[in-house]
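In case you want the letters, here they are:
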Amino acid sequence: TPWDERFQTLLDYKRRFRNVNVPWQWKENVALAQWVNSQRKKYKDLLEGKRNNLSEEQINRLNSIGFKWNTGGKGRYSEDNTHDDQNNEEGTGEGAYT
């Protein structure tokens, strides 16, 4: 599926850069940067009770590779930007995205 293809591209990025912190306007692969931003937006929408097509399995797969749902604002990463994989275990998502 297209989601799986982008996830694989993200894994390739991780192998190359040893993280999954794709810059939000990464010119080397604009499509990947847009996809990563889209995943964050969809996750935020879910936390706000809005429906979309981001599945729990996809969230778990992203969590498993260290995906950060919160970039510290304005598309940038901050040093204290962490996502506890257990944050959303009961569906509250409190503290997972600010």
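### What about the nonpolar core?
Moving on, step 1. One finds Leu10, Val22, Leu32, Trp35 and Leu62 to be the most contacted residues of the largest nonpolar core, which totals 19 residues.
Moving on, step 2. Listing elements by their share of this core, those giving two or more residues are helix H1 (2-17), helix H2 (30-47) and helix H3 (56-64).

### Here's the deal with the pattern of salt bridges
Moving on, step 1. Tallied over the entire structure, the rule returns six salt bridges.
Moving on, step 2. Note that Arg15 and Asp12 form a salt bridge whose closest N and O atoms lie 2.4 Å from each other. Of this pair, Arg15 and Asp12 both sit in helix H1, three residues apart, which is roughly one turn of that helix.
Moving on, step 3. With relative accessibility at 37%, the residue Asp12 sits in the partly exposed group.
Moving on, step 4. For Arg16, the salt bridge is made with Glu28, and the minimal N-O distance between the two is 2.2 Å.

### Focus: the packing of aromatic side chains
Moving on, step 1. Taken as a whole, this structure holds seven aromatic pairs when the rule is applied.
Moving on, step 2. Ring geometry for Tyr13 against Phe17: centres 4.5 Å apart, planes inclined by 40°, an arrangement best described as tilted. Of the two residues, Tyr13 and Phe17 both sit in helix H1, four residues apart, roughly one turn of that helix.
Moving on, step 3. The class for Tyr13 is buried, based on a relative accessible area of 7%.
Moving on, step 4. Relative accessible area serves as the criterion here: at 33%, Phe17 is assigned to the partly exposed category.

### Let's talk about H3
Moving on, step 1. Buried within H3 are the following residues: Gln58, Ile59, Leu62 and Asn63. Viewed along the axis of H3, the buried residues span an arc of 140°, placing them on a single side of the element. Exposed and facing more than 90 degrees away from the buried side of H3 are Glu56, Glu57 and Ser64.
Moving on, step 2. Along its buried surface, H3 packs onto H1 and H2.
Moving on, step 3. Directly beyond the C-terminal end of H3, a positive phi value near 85° is found at Gly66.

Scoring rules and cut-offs
- Residues numbered from 1 in each chain as written.
- Predicted model: local features only at pLDDT ≥ 70, side-chain atom pairs only at ≥ 80, totals over all residues.
- Heavy atoms only, no water.
- Core = buried A, V, L, I, M, F, W, Y, C linked by side-chain atoms within 4.5 Å.
- Buried < 20%, exposed > 50% of the residue type's maximum accessible area, 1.4 Å probe, protein only.
- Helix = DSSP H or I, 4+ residues; strand = E, 2+ residues; numbered from the N terminus.
- Salt bridge = Lys/Arg side-chain N within 4 Å of Asp/Glu carboxyl O.
- Phe/Tyr/Trp six-rings, centres within 6.5 Å; stacked < 30°, edge-to-face > 60°.
- Arc of directions from axis to C-beta.
- Contact = heavy atoms within 4.5 Å.

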